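Commentary on secondary and tertiary structure
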Amino acid sequence: MSTLLKLPSQKMLAKYLKHCSEQREDKSSATWQCQLPNLSFPVSASIWIQGVVVDIKNSGSTVVVDDGTGTVTLVQCDSAASKVMTKKGMYIMAWLFVSGMYIMAVGSLETGGEQPTVKPIKLQDLSELDDVDALWPLEVLHQINFLNG
């Protein structure tokens, strides 16, 4: 089992991930730091993002998601655990990305900068849920304020 599954996931927006840089103390340990003009905070090894699928590459292995503040590239999606919600509210384990689908991804930040990259360990289709896209930025801000308050 991945050690990421044992950690709480930090909710993040693409605009924050663009300001993340890897901090290495030695070859075996690396941490991430987000440096904004008025706030600096550590980034958890496990992050959680949500957004609309805007591009699908490599037969769904690579997906670009837009959360309204920017885009994040998800890599190796075909190796992540996934759930897709059907119209009847049942879950199936098959995964087929469709442009416009609203998804959540939990995983590790691979790169920050202009086009952040995340390797997901879990993906879930949230398209059938009302207002999740409108609430997401508020959830992220609430968590950042709570953790850095």
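1. Quick notes on the environment of isoleucine 144
Along the chain, the position of isoleucine 144 falls in helix 2 (residues 132–148). Here the alpha-carbon distance between isoleucine 144 and lysine 11, two residues 133 residues apart in the chain, equals 8.0 Å.

2. A look at the side chain of serine 46
If you trace the backbone, serine 46 turns up in the loop between strand 4 (39–43) and strand 5 (47–57). By relative accessible area, serine 46 is classed as buried at 0%. Here the side chain of serine 46 touches serine 9 through a polar contact of 2.8 Å, side chain to side chain.

3. Focus: the environment of threonine 73
Structurally, threonine 73 can be placed in strand 7 (residues 71–74). The spatial distance from the C-alpha of threonine 73 to the C-alpha of alanine 14 is 9.8 Å, given a sequence separation of 59 residues. Ignoring sequence-local partners within four residues, the contact set of threonine 73 consists of Thr62, Val63, Val64, Gln115, Pro116, Thr117 and Val118.

4. As for the state of the cysteines
According to the stated counting rule, one finds zero disulfides in the structure shown. Looking at cysteine 34, it has no disulfide partner, and the nearest cysteine sulfur is the one in cysteine 20, 4.2 Å off.

5. With respect to the pairing of strand 7
One ladder, built from four bridges, connects strand 6 (residues 62–66) with strand 7; its direction is antiparallel. Within strand 7, the position partnered with valine 63 by the bridge is leucine 74. The hairpin turn running from strand 6 into strand 7, its antiparallel successor, is four residues long, and glycine 68 in that turn takes a positive phi close to 95 degrees. In terms of strand pairing, strand 7 meets strand 11 (residues 117–125) through two bridges, oriented parallel. The partner of threonine 73 across the bridge, within strand 11, is threonine 117.

6. As for the pattern of salt bridges
Taken as a whole and assessed by the stated rule, the structure comprises three salt bridges. Salt-bridge contacts for lysine 18 lead to glutamate 114; the nearest nitrogen and oxygen are separated by 3.6 Å. You can see lysine 18 sitting in the loop between helix 1 (14–17) and strand 2 (20–24) and its partner glutamate 114 sitting in the loop between strand 10 (102–111) and strand 11, a full 96 residues away along the chain. With a relative accessible area of 25%, lysine 18 lands in the partly exposed category.

7. What to know about the pairing of strand 10
The element strand 10 is largely enclosed, with a buried count of eight among its ten residues. Looking at chain direction, strand 10 and strand 11 are connected through eight bridges and run antiparallel. Bridged to methionine 104 within strand 11 is glutamine 124. In textbook terms, the turn of a hairpin is the stretch between consecutive antiparallel strands, and for strand 10 and strand 11 this stretch comprises five residues, one of which, glycine 113, has a positive phi near 85 degrees.

8. As for the packing of aromatic side chains
A complete count under the given rule lists two aromatic pairs for this structure. Summarising the aromatic geometry, the rings of tyrosine 16 and phenylalanine 41 are spaced 6.5 Å apart at their centres and angled 85 degrees between planes, so their arrangement reads as edge-to-face. With a gap of 25 residues between them, tyrosine 16 in helix 1 and phenylalanine 41 in strand 4 connect regions that are remote in the sequence. Here the two residues tyrosine 16 and phenylalanine 41 agree in accessibility, since each one is buried. Here the basic side chain of lysine 11 rests over the ring of tryptophan 48, its NZ or CZ set 5.1 Å away from the ring centre.

9. Some thoughts on the environment of valine 140
Mapped onto the elements, valine 140 comes out in helix 2. Taking the C-alpha atoms as reference, valine 140 lies 9.4 Å from tryptophan 48; in sequence the two are 92 residues apart.

Rules of the game
Residues numbered from 1 in each chain as written. Predicted model: local features only at pLDDT ≥ 70, side-chain atom pairs only at ≥ 80, totals over all residues. Heavy atoms only, no water. Helix = DSSP H or I, 4+ residues; strand = E, 2+ residues; numbered from the N terminus. Buried < 20%, exposed > 50% of the residue type's maximum accessible area, 1.4 Å probe, protein only. Polar contact = N/O pair within 3.5 Å; in protein donor to acceptor, adjacent residues only side chain to side chain. Contact = heavy atoms within 4.5 Å. Disulfide = S-S within 2.5 Å. Pairing = 2+ DSSP bridges. Salt bridge = Lys/Arg side-chain N within 4 Å of Asp/Glu carboxyl O. Phe/Tyr/Trp six-rings, centres within 6.5 Å; stacked < 30°, edge-to-face > 60°. Lys NZ or Arg CZ within 6 Å of the ring centre and 35° of its normal.

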